[in-house]
Amino acid sequence: MPLNNVAVYPGSFDPITNGHVDLVQRTLRVFDRVIIAIATNPGKDSSLFSLEERLQMVREVFKAHDGRVQADSFEGLLVDYAESKRATVIIRGLRAVSDFEYEFQMAMMNHRLKPKLETFFMMTGESEFYISSRLVKEVVSLGGDVEGLVPENVLKKLQQKFKRRG
Ligand code: PNS
């Protein structure tokens, strides 16, 4: 193991789901620290939650983790961000076969850009494999219940968001 045992877990996290939480918890069995890195794309952002809201939700979820889980944001290339944090590994979750092509392309491109940076794939837990931020938002927007699929604080924020819009 490298001395600097830090993994970067990048994504949109719009919002964080129990699938993401499960993945972070399992990553902590292998790595000392996980940085949840929320990608920002100024001028081209169609996220439901603002960056600040997403960061706050992630921080609330992991506040009891003794600083082993950090939430941060980055702009630009993921590989540059990971290098700036001295991380050697990128973590990504794989749910179904349908995730594979997109993930494989990203992992290959990132490898080409920074060959020393590895991508580790974790299989999503069996009770979370169908959860996605996109579906969670759609279900709540149409009045459905997503309790148990997202952390409690996220559930409240989702309900507030769609109550205000409806
Ligand atoms: O949760 P998502 O939307 O699947 O995450 C995708 C993400 C943020 C990991 C990816 O779009 C990304 O790495 N964006 C940063 C820009 C970058 O490095 N692009 C080249 C990737 S090969």
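Everything below is about the structure shown above.
All of the points below concern the structure found in this document. (Residues numbered from 1 in each chain as written. Predicted model: local features only at pLDDT ≥ 70, side-chain atom pairs only at ≥ 80, totals over all residues. Heavy atoms only, no water.)

With that settled, consider the overall build of the protein chain. From N to C terminus, the protein chain includes six helices and five strands. The helix and strand sequence of the protein chain, counted from the amino end, reads β-α-β-α-β-α-β-α-β-α-α. Expected size for 166 residues packed as a compact globule is a radius of gyration near 15 Å; at 16 Å, the protein chain falls within 12% of this value. Every one of the 166 residues in the protein chain was classed for burial, and the buried ones make up 46%. Taking contacts inside the protein chain between residues at least 6 apart in sequence as the whole, the part at least 24 apart equals 76%. Accessible area of the protein chain: about 9800 Å², with a carbon and sulfur share of 52%. (Helix = DSSP H or I, 4+ residues; strand = E, 2+ residues; numbered from the N terminus. Rg over C-alpha atoms; globule rule 2.2 N^0.38 Å. Buried < 20%, exposed > 50% of the residue type's maximum accessible area, 1.4 Å probe, protein only. Contact = heavy atoms within 4.5 Å. Areas by Shrake-Rupley, 256 points an atom, 1.4 Å probe, with all protein chains shown as cover.)

Okay, the site of the ligand next. The ligand sits among 13 residues. The nearest are Ser 12, Gly 76, Leu 77, Leu 78 and Arg 92. At a separation of 2.7 Å, an oxygen atom of the ligand approaches a polar side-chain atom of Ser 12. Taking Leu 78, its main chain carries an N or O atom lying 2.8 Å from an oxygen atom of the ligand. When isolated, the ligand has an accessible area of 550 Å², and the protein chains bury 70% of it. (Near = heavy atom within 4 Å. Polar contact = N/O pair within 3.5 Å; in protein donor to acceptor, adjacent residues only side chain to side chain.)

Another point: a nonpolar patch on the surface. Side chains of Val 97, Phe 100, Phe 104 and Met 108 sit close together on the surface and give an oily, nonpolar patch of about 430 Å² of accessible area. Within the secondary structure, Phe 100 is located in helix α4 (residues 97–113). (Patch = residues over 30% accessible without salt bridge, like charges linked within 9 Å, V, L, I, M, F, W, Y side chains within 5 Å. Salt bridge = Lys/Arg side-chain N within 4 Å of Asp/Glu carboxyl O.)

As a further point, take the pattern of salt bridges. For the structure shown, the criterion picks out 10 salt bridges. A salt bridge links Asp 80 to Lys 114, with the nearest nitrogen and oxygen atoms 3.4 Å apart. In this pair, Asp 80 sits in helix α3 (residues 78–84) while Lys 114 sits in the loop between α4 and β5 (118–123), placing the two residues 34 residues apart along the sequence. Using a relative accessible area of 39% as the deciding quantity, one classes Asp 80 as partly exposed. Residue Lys 114 is classed as partly exposed on the basis of its relative accessible area of 21%. When salt bridges with common partners are traced through the structure, they connect Glu 53, Lys 157 and Lys 161 into a single cluster.

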